[in-house]
Number of protein chains: 2
Amino acid sequence: MEYYSRQISNLIGELSRLPSIGSKTAQRLAFHILSMPKNDVKALSDAIIEARENVRYCKKCYTLTDDELCPICKNESRNHRIIMVVENSRDLAAYEKTGKFDGVYHVLHGAISPMNGIGPADIKLKELMTRLSEEDIDEVIIATNSSLEGETTAMYISKLVKPAGIKVTRIASGVPVGGDIEYIDEVTLLRALEGRTEL
Amino acid sequence: MEYYSRQISNLIGELSRLPSIGSKTAQRLAFHILSMPKNDVKALSDAIIEARENVRYCKKCYTLTDDELCPICKNESRNHRIIMVVENSRDLAAYEKTGKFDGVYHVLHGAISPMNGIGPADIKLKELMTRLSEEDIDEVIIATNSSLEGETTAMYISKLVKPAGIKVTRIASGVPVGGDIEYIDEVTLLRALEGRTEL
């Protein structure tokens, strides 16, 4: 990029290292940043540094937070006897957006994937088991992805948790709302058929 | 976003203020940043601040740079008698990527747009005229966008520059390479017809 001066090239380079930011987007972002008021640029830069400096796991559910406990684990009005197990903090956010789940979460930070060398010890599974033994839990809802890794993880957790006498459920798999059956893969259609409910 | 802790929410918020970064992308970027090595995060944050602090216009062509002159204006091996006029620094970069233009540039930082209240005095047009009167220029190539604003600006510049006896050209408008005639708008097709060349 010898047509950009060094610092501008450097900024574009740093931005394009971020996921899903190609070189065109990085250029657009860089020139936008260069045109922003200096205060806003400082706010952006500070937010990046501050969040990264202070990020840690919630002591209870292991989601990323900047405090000892995350806002959900701190919230006394939620049902702390129902735990939804998710793969990462973004999945937690996705369920929170539905506004219909009032239990708490447990974030695994991954899923079991022998192909990628990720075993049960590489995700926050031991932490889940410790939590189940220490707290009074009525139900564990497994909301890992509907992928090979997510399903493997769900099976594994279910085998670990069931002997403890805790109810274990799995979120339903099927045709997404608004989905066009014509374009949906066979495995999903089969799942939808297997999981059919009486009307 | 009360399901994210304050600093994480803040980071997502700052990122989502950037153009073309929706809330989903901002979340993905934020969690990526939280997982990056601290050194890389510092490099990103520094690049943002450093580039913004030092950005200025090239004294000659008005592209954004961090030095008195941009790398292109500094380059003695380029043809400084041919100036390509572009709307912004990204358009300059786009032409540089072709690797086939060895002249220099002039960056207008906008285009004349009466609808948006942008007149000739709001873009670097006076600066272009000063440059043309001070330097020996053989040709001015107008490479503003092929939009209403770009065309207006091109006409305006051409009327200013021609009386000075300098050759003024406009980049060709027509069917893009690989373009499917079936899907191209009528105005472009008409332009392509008008601009036809003998084989």
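Residue positions are given per chain, counted from 1 along the sequence in the order it is written. Whichever chain is written first is A, and whichever ligand is written first is 1; the rest continue in order. The predicted nature of this model means local features are confined to residues of pLDDT at least 70 and side-chain atom pairs, given and counted, to a pLDDT of 80 or more, with totals for whole chains, interfaces and linings taken over all residues. In computing side-chain values, all of the structure's heavy atoms are included and hydrogens and water are not.

A. Spatial organisation of the sheet that holds strand 4 (residues 104-107) of chain B. Residues and elements named next belong to chain B. For two strands to pair, DSSP has to find at least two bridges joining them. The way it works is that DSSP assigns letters per residue, a run of H or I at least four long becomes a helix, a run of E at least two long becomes a strand, and they are numbered from the N terminus. Sheet architecture is open: 4 strands sit in the order 4-3-5-6, paired in parallel fashion. The two strands at the open ends of the sheet, each matched to only one other strand, are strand 4 and strand 6 (167-170). Pairwise comparison of adjacent strand axes, ignoring direction, gives a mean angle of 25 degrees for this sheet. The pairing of strand 3 (residues 82-86) with strand 5 (residues 139-142) spans 4 bridges and is classified as parallel. Among the inter-strand pairings, Val85 is bridged to a residue of strand 5, identified as Ile142. By definition in these notes, contact holds between two residues if any of their heavy atoms fall within 4.5 Å. Between N-to-C directions, angles cover 0 to 180 degrees, with each direction set by a line fitted to C-alpha atoms, over the stretch in contact for helices. Against the sheet, helix 6 (residues 125-134) engages strand 3, strand 4 and strand 5, with an angle of about 145 degrees to strand 4. Its contacts with the sheet place helix 7 (residues 148-161) against strand 3, strand 5 and strand 6, and it is angled at close to 170 degrees to strand 6.

B. Looking closely at the nonpolar core. The criterion is simple. A nonpolar core is a set of buried Ala, Val, Leu, Ile, Met, Phe, Trp, Tyr and Cys residues joined through side-chain atoms within 4.5 Å. Exposure is judged per residue with a 1.4 Å probe applied to protein chains only, and the accessible area is read against the type maximum: over 50% gives exposed, under 20% gives buried, and values in between give partly exposed. Counting residues in each nonpolar core, the largest one holds 108 residues, and the members touching the most others are Leu11, Leu15 and Ile33 of chain A together with Leu11, Leu15 and Ile33 of chain B. Leave out the neighbours within four places in its chain, and Leu15 of chain B touches Leu44 of chain A together with Ile21, Ala26, Leu29, Ala30 and Ile33 of chain B.

C. Layout of the environment of Ala93 of chain B. Position of Ala93 of chain B relative to the elements: it lies in helix 5 (residues 89-98). When the C-alpha positions of Ala93 of chain B and Gly178 of chain B are compared, they lie 22 Å apart, and in sequence the two are 85 residues distant. Excluding anything up to four places from it in sequence, Ala93 of chain B contacts Tyr3, Tyr4 and Gln27 of chain A.

D. Representation of the packing of helix 3 (residues 38-54) of chain A against helix 3 (residues 38-54) of chain B. Contact geometry of helix 3 of chain A with helix 3 of chain B gives a least axis separation of 10 Å together with a crossing angle of 175 degrees. With respect to helix 3 of chain B, the axis of helix 3 of chain A lies roughly antiparallel. Here Lys38, Val41, Lys42, Leu44, Ser45, Ile48, Ile49, Arg52 and Glu53 of chain A of helix 3 of chain A come into contact with helix 3 of chain B, specifically with Lys38, Val41, Lys42, Leu44, Ser45, Ile48, Ile49, Arg52 and Glu53 of chain B. Should an angle lie under 35 degrees it is considered roughly parallel, over 145 roughly antiparallel, and from 65 to 115 roughly perpendicular; all remaining angles are considered oblique.

E. Molecular detail of the sheet that holds strand 5 (residues 139-142) of chain A. Residue and element names in this part refer to chain A. Spatially, 4-3-5-6 is the arrangement adopted by the 4 strands of the open sheet, whose pairing is parallel. The outermost strands of the open sheet, each flanked by one partner alone, are strand 4 (104-107) and strand 6 (167-170). Ignoring which end each strand starts from, the neighbouring axes of this sheet average 25 degrees apart. In the packing of helix 6 (residues 125-134) onto the sheet, the strands contacted are strand 3 (82-86), strand 4 and strand 5, and the crossing angle to strand 4 comes to about 145 degrees.

F. Layout of the state of the cysteines. Put simply, a disulfide is two cysteine sulfurs that come within 2.5 Å. Evaluation of the coordinates by the stated rule reveals 0 disulfides over all chains. This cysteine, Cys58 of chain B, is not joined by any disulfide, and Cys73 of chain B carries the nearest cysteine sulfur, 3.8 Å off.

So yeah, pure geometry; function would need other evidence.
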